[in-house]
Amino acid sequence: MANIVSLNNIEHQNLKVITERSATYGDDIWYTPTFPMEFKSVQTFYPIFFNKDPATGKFFPLALFGFQNHENLFLSDNKWHAAYIPATLARQPFLIGTQNINEDGIEKQQRMLHIDLDNSRVNAVQGESLFLEHGGNSPYLDKAADLLEAIHHGVQDGDVFIDYLLKYDLLESVTLDITLNDESKNQMLGFYTINENKLAELDSDSLTVLHKKGYLQAIYMVIASHVNVATLIHKKNASLGL
Amino acid sequence: MNRPLKKIVIVGGGSAGWLTAGVIAAEHQTNTEDGIEITLIESADIATIGVGEGTWPSMRSTLQKMGISETEFLTECDASFKQGSKFSQWNKESDSNVKNADQYYHPFTLPIGNNKIDVVPFWQNLVNKVPFADAVCAQSHLSHRHLAPKQITTTEYTGITNYGYHLDAGKFGAFLKRHCTTKLGVKHIIDHVELVNSAKNGDIASVKTKIHGDIQGDLFIDCTGTTSLLLAKHFNVPFISKKHILFNDSAMAVHVPYPSDDSDIASFTQSTAQNAGWIWDIGLPSRRGVGYTYSSAHSTDELAEKTLRQYLTSSMGEAAKTVSIRKLSINPGHREKMWHKNCIAIGMSAGFIEPLEASALALIEFSAKMVSEQLPANRQTMDIIAKRFNDKLLCHWQQLIDFLKLHYVLSHRDDSAYWRDNRTQETIPETLQEQLDLWQYQTPSRYDIPYTEELFPAASFQYILYGMGFITQERQQLKRAEQTKALEALFSDNAERVNMLLSALPTNRVLINKIKEFGLSKI
């Protein structure tokens, strides 16, 4: 269970966060949500697909780390074996909460840094400090705050990206057929990707719209990212000693 | 005679008129220059009756083919998901000591192993342990928790379990009208048909309207409801009454509000037997639709009203005494044929029967689909197709009547003349009696139905028979060890699937609210 509280330098003065990557700290996930603004970094290492949010049915882009639940092929020996960790995972144990504030008589919503106190990374003994001795933010915390800001804007932009993909009918469901070195076959269902035939048929006006929004580049990065499925298969074979 | 069929005139709106218009228009490109032209004439004077709040799963493909978004349909027609029918007190009159003692399900999902392996003998050994529908299908288990057949991530028109809809018939007609006229190119004329003009060969040449004058067509579709303006009034095609088999000729209907906005929406049409008929209870997102259909020979209107108000008291309390009730008449039966010359009757103009298995919209869909897919190229081929259409529809009517009657003849109720009369030999069609004789020794199978695209598969007969406690004599020599193993696996797979569904599916209310907020995805 999560225990999410707004972060402050009095109550949480002595908190530390363990930054090691391992299953112990919940990194054994097979995918995490991503957004177009980080696609350039994500597509270097991970395949990007789309999935539906089980609570709303809405599509979101994701970075894939494995082929089944709890399988993260980038995780071993308490390390993450890739130079970039997607922001929605890297942010742990922080998140953004909104708070209504009154500024000069005007009701406003302010984004506040929150922390999940029950996250197993959070402790008082080891890891990165959140606050400096006299109460100022540690560089680590400032970085985390920047990351959350980036996620906030990135996810909002990602929703618009999805709207355009649906508007132009550019998503289709995909079945990944995985054959390992021992000839064992696995099928992965339930994901979606860019419909390249529809993309090829798109008229120049629509392409211009997507280009101006920066989404044409995002679309091609999704397509390009699929070569990383081979990387995943390679890692899977290696993990099984095949 | 060889002139291509180009123009169809539909007389009458309502669900029948607009469904037929939509099905044909979508397939024959009415919204293009070269498509078949369709004009629907609807009288402003005649209110549509708005019967039929339950559909079959077939409605999904019907709507999808018309290019309708399921999200829009669900939202605008106040529709929810129907997974079958639940029958209470059909076998025995109510026993207040034992709650739910007498109830069974006719779910939309076929029994496990259907067509490949006969599960009935194996199940019969379990009779006292598990009701038939619970043992052979997962769907009845979802009823208690009012669960939906799908999740918010499931695409439009796709189900995790099989489903149709409960809908507001009035809103449905208006919704279809808007879709047909704005998207599918159907011409809409609001006018009153006063006269039918005949051609030399006896066909309908045109209909004369009050304001728009004569409207010509190659094919006329009569969707005028029980008036049956073209087929009955003009062509005098005789009516075949079925009242001697199915007695219910009256109905009283009422709209029932929910106690709160988050009240559960039932997944099954609830049918509760009474001493002169049965009460339907249908859950829509915004209200319930409840009605009593009964035999006027076995109950006065006053008694029927009392019965209905009594039923409503359990959910409405004191308000049941004052809620306004609408009275309807049913003339059970159908026309001798539905297609005569260049005129086809679809909907209540062709026939009507009590809504026990919600067959009204299904028959409209079937008729519209067959007309559309078999649309005669010209007048020359029309009579051949008309004959086939009539043969098919008459098969459907006969099976429908047999199937509905089956619900009554199996009953052990002895609390009124209505139930006893329903079991007298002269009220049971020979075709049904023959089946009943057979089913004493063998399970309903596909061999019982000597034609394709049947209205009810053998599985439906199994659900009713064994739901009502009918026993088929077991043949000992059929018990083979490997078969028993396969059957055990099927039954345990079903139990596993039930658990999976119970944990994965949201309630109807939760899903409907989510659909209103987020919509269902098309992919």
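Sequence order as written defines residue numbering, which begins from 1 separately in each chain. To read the labels, note that chains go from A and ligands from 1, taken in the order they are written. Local features in a predicted model are, by the rule used here, given only for residues with pLDDT of at least 70; side-chain atom pairs are given and counted only at 80 or more, and totals for whole chains, interfaces and linings are based on all residues. Side-chain descriptors were evaluated using all non-hydrogen atoms of the structure, hydrogens and water having been removed beforehand.

Peer 1: Hey, could you run me through the overall build of chain B in this one?
Peer 2: A tally of helices and strands in chain B yields 16 helices and 21 strands. What you see for chain B is a C-alpha radius of gyration of 23 Å, in line with the 24 Å of a compact globule of 523 residues. Its C-alpha atoms give chain B principal-axis dimensions of about 65 × 50 × 50 Å. Counting across all 523 residues of chain B, residues that qualify as buried make up 57%. Note on conventions: DSSP H or I runs of at least 4 residues are helices, E runs of at least 2 residues are strands, and numbering of each starts at the N terminus. C-alpha atoms define the radius of gyration, and 2.2 Å times the number of residues to the power 0.38 defines the globule rule. Per-residue accessibility, obtained with a 1.4 Å probe over protein chains only, is compared with the maximum for each type, and a residue is labelled buried under 20%, exposed over 50%, and partly exposed between these values.

Peer 1: Looking at this structure, how should I read the overall build of chain A?
Peer 2: Per the secondary structure count, chain A includes seven helices and 13 strands. Each principal axis of the C-alpha atoms in chain A carries an extent, and together these give about 60 × 55 × 30 Å. Counting only residues that meet the buried cut, chain A has 43% of its 242 residues in that class. What makes two residues a contact is simply this: any of their non-hydrogen atoms within 4.5 Å. Counted over contacts in chain A with a minimum sequence separation of 6, partners at least 24 positions apart contribute 70%. If the 18 positive side-chain charges of chain A are averaged to one point and the 30 negative ones to another, these points end up 3 Å apart. Charge counting treats Lys and Arg as positive and Asp and Glu as negative, with His and both chain ends excluded. The atoms used to mark charge sites are NZ of Lys, CZ of Arg, CG of Asp and CD of Glu.

Peer 1: Explanation requested: helix α3 (residues 139-167) of chain A in the structure shown.
Peer 2: An α-helical turn contains 3.6 residues, so any two residues separated by three or four positions project in the same direction. Multiplying 1.5 Å by the helix residue count minus one yields the expected span of that helix. Relative to the 42 Å expected for 29 residues at 1.5 Å per residue, α3(A) spans 42 Å between its end C-alpha atoms, a close match to the ideal helical length. Along α3(A), the residues that are buried comprise A:Tyr140, A:Leu141, A:Ala144, A:Leu148, A:Ile151, A:Gly154, A:Asp157, A:Gly158, A:Phe161, A:Ile162, A:Tyr164 and A:Leu165.

Peer 1: It is not clear to me how the sheet that holds strand β15 (residues 277-283) of chain B should be interpreted in this structure. Could you clarify?
Peer 2: The strands making up a sheet are joined through hydrogen bonds of the backbone, oriented either antiparallel or parallel. Residue and element names in this part refer to chain B. When DSSP locates at least two bridges between a pair of strands, those strands are taken to pair. Sheet architecture is open: seven strands sit in the order β5-β4-β14-β15-β16-β13-β17, paired in mixed fashion. Both edges of this open sheet fall to β5 (103-107) and β17 (326-329), since each of them pairs with a single strand only. Averaged over all adjacent pairs, the angle separating strand axes in this sheet is 20°, with direction ignored. Both strand β13 (residues 250-257) and strand β16 (residues 287-294) contribute to a ladder of eight bridges, which runs antiparallel. Its bridge partner lying in β16, Met-252 is registered against Tyr-292. Where helix α9 (residues 301-316) meets the sheet, its contacts fall on β13, β14 (269-274), β15, β16 and β17, and the angle it forms with β16 comes to roughly 150°. All axes are obtained by fitting lines to C-alpha atoms, using only the stretch in contact for helices, and the reported angles, taken between N-to-C directions, cover 0 to 180 degrees.

Peer 1: For this particular structure, what's the right way to read the interface of chain A and chain B?
Peer 2: It is common to give the size of an interface as the accessible area lost on bringing the parts into contact. Taken residue by residue, the interface counts 12 residues in chain A and nine residues in chain B. As used in this structure description, the phrase polar contact means that two N or O atoms lie within 3.5 Å; if the pair is within protein, one of them must be able to donate a hydrogen and the other to accept it, and residues adjacent in sequence are counted only when both atoms belong to side chains. In this assembly, chain A and chain B are joined by four residue pairs in polar contact (both at pLDDT 80 or more). Residue polarity is assigned by list, with Asp, Glu, Lys and Arg as charged and Ala, Val, Leu, Ile, Met, Phe, Trp, Tyr, Cys and Pro as nonpolar; anything else, Gly included, falls into the polar class. Looking at the side of chain A that touches chain B residue by residue, the classes come out as six nonpolar, two polar and four charged.

Peer 1: Explanation requested: the pattern of salt bridges in the structure shown.
Peer 2: When a carboxyl oxygen of Asp or Glu lies within 4 Å of a side-chain nitrogen of Lys or Arg, that pair is called a salt bridge. This structure, assessed with the given rule, holds 25 salt bridges over all chains. The partner of A:Asp27 in a salt bridge is A:Arg121, and the shortest N-O contact between them spans 2.7 Å. On the criterion of sequence distance, the pair formed by A:Asp27 in the loop between β2 (16-17) and β3 (31-33) and A:Arg121 in the loop between β9 (106-116) and β10 (122-123) is long-range, its members being 94 residues apart. Comparing A:Asp27 with A:Arg121, the two get one shared label, buried. The closest approach of N and O atoms between B:Arg3 and B:Asp218, which form a salt bridge, is 2.9 Å. Placement of B:Arg3 in the segment before β1 (7-11) and of B:Asp218 in the loop between β10 (213-216) and β11 (219-222) is noted, with a sequence separation of 215 residues between them. Overlapping salt bridges, with partners in common, bring together A:Arg21, A:Asp27 and A:Arg121 in one network.

Peer 1: Would you mind going over the packing of aromatic side chains with me for this structure?
Peer 2: Working definition: an aromatic ring pair is given by the centre-to-centre distance plus the angle between the planes. Note on aromatic contacts: the rings of Phe and Tyr and the six-membered ring of Trp form a pair at centre separations within 6.5 Å, being stacked when their planes are under 30 degrees apart, edge-to-face when over 60 apart, and tilted otherwise. Tallied over the full model, the rule gives 46 aromatic pairs over all chains. Centre to centre, the rings of A:Phe59 and A:Tyr192 are 4.8 Å apart; their planes meet at 80°, and the pair counts as edge-to-face. Within this pair, whereas A:Phe59 is found in strand β5 (residues 59-64), its partner A:Tyr192 is found in strand β13 (residues 185-194), the two being separated by 133 residues in sequence. The class of A:Tyr192 is buried, set by a relative accessible area of 10%. Members of the aromatic cluster, connected to one another through ring pairs, are B:Phe87, B:Trp90, B:Tyr104, B:Phe247, B:Trp278, B:Trp280, B:Tyr408, B:Tyr418 and B:Trp419. If you follow B:Arg509 out to its NZ or CZ, it ends over the ring of B:Tyr258, 5.3 Å from the centre. We call a charge positioned over a ring when the NZ of a Lys or the CZ of an Arg lies within 6 Å of the ring centre and within 35 degrees of the ring normal.

Peer 1: Looking at this structure, how should I read the side chain of A:Asn228?
Peer 2: All names here are of chain A. Its place among the elements puts Asn-228 in helix α7 (residues 228-239). Of the polar contacts made by the side chain of Asn-228, one reaches the backbone oxygen of Gln-43; its length is 2.8 Å. Ignoring anything within four residues of it in the chain, the contact list for Asn-228 reads Gln-43, Thr-44, Phe-45, Tyr-46 and Pro-47.

Peer 1: Just to check I follow, could you spell out the domain arrangement of chain B for this structure?
Peer 2: All names here are of chain B. Partitioning chain B into domains gives domain 1 (7-53 + 168-243 + 332-381) and domain 2 (250-326). Where each domain starts and ends comes from a domain assignment, either automatic or drawn from a database. A straight line from the C-alpha centre of domain 1 to that of domain 2 covers 31 Å. The partner domain 2 presents nine residues to the six residues of domain 1 that form the contact. In this structure, the connection of domain 1 to domain 2 is made through two salt bridges. Between Arg-287 and Glu-53 there is a salt bridge whose closest N-O contact spans 3.1 Å. There are three residue pairs in polar contact (both at pLDDT 80 or more) connecting domain 1 and domain 2. Partitioned by chemical class, the residues of the side of domain 1 that touches domain 2 number three nonpolar, no polar and three charged.

Peer 1: Help me understand the packing of helix α11 (residues 379-409) of chain B against helix α14 (residues 458-467) of chain B in this model?
Peer 2: Packed helices, taken two at a time, are described by their axes: the angle between them and the distance between them. All names here are of chain B. α14 packs onto α11 with a crossing angle of 20° between their chain directions and a minimal axis gap of 9 Å. Taken together, the axes of α11 and α14 are roughly parallel relative to one another. Remark: the crossing between α11 and α14 carries left-handed chirality. Along the contact surface, α11 presents Gln-399, Phe-403, Leu-406 and His-407, while α14 presents Ser-460, Phe-461, Ile-464 and Leu-465. Orientation categories follow fixed angle ranges, with anything under 35 degrees roughly parallel, anything over 145 roughly antiparallel, 65 to 115 roughly perpendicular, and all other angles oblique. By convention, the crossing between two helices is left-handed when the near helix turns anticlockwise from the far helix through less than a right angle, and right-handed when the turn is clockwise.

Peer 1: How do you make sense of the side chain of B:His106 when you look at a structure like this?
Peer 2: All names here are of chain B. Counting through the fold element by element, His-106 comes out in strand β5. Side chain to side chain, His-106 and Ser-460 meet in a polar contact 2.9 Å long. Setting aside anything within four residues of it in sequence, one finds His-106 in contact with Gly-84, Ser-85, Phe-87, Glu-357, Phe-403, Ser-460, Tyr-463 and Ile-464.

Peer 1: What should I look at first to understand the environment of A:Leu210 in this one?
Peer 2: Residues and elements named next belong to chain A. Among the structural elements, Leu-210 can be located in helix α5 (residues 204-213). Leu-210 gets classed as buried once you look at its relative accessible area, which sits at 0%. In this structure, Leu-210 is in contact with Tyr-164, Tyr-168, Leu-170, Leu-202, Tyr-215, Leu-216 and Ile-219, ignoring residues within four places of it in sequence.

Peer 1: Which parts of the structure should I look at to understand unusual backbone geometry?
Peer 2: Most peptide bonds adopt trans geometry, and most residues besides glycine take a negative phi value. Here A:Gln92 and A:Pro93 are connected by a cis peptide whose omega angle stands at 5°. Turning to its location among the elements, A:Pro93 is positioned in the loop between α2 (87-90) and β8 (94-103). A positive phi angle, close to 60°, is found at A:Asp169, a residue other than glycine. With respect to the helices, strands and loops of the structure, A:Asp169 is situated in the loop between α3 and β12 (171-179). The class for A:Asp169 is partly exposed, based on a relative accessible area of 39%. Even without being glycine, B:Ala358 reaches a positive phi, approximately 50°. Tracing the sequence through the fold places B:Ala358 in the loop between β21 (351-352) and α10 (359-373).

Peer 1: Looking at this structure, how should I read the sheet that holds β21(B)?
Peer 2: Residues and elements named next belong to chain B. With respect to topology, three strands assemble into an open sheet ordered β12-β18-β21, the strand pairing being antiparallel. In this open sheet, the two edge strands, each paired with only one partner strand, are β12 (239-241) and β21. Bridging between strand β18 (residues 333-335) and β21 involves two bridges; their strand directions are antiparallel. In the strand pairing of β21, Gly-333 is matched with Phe-352.

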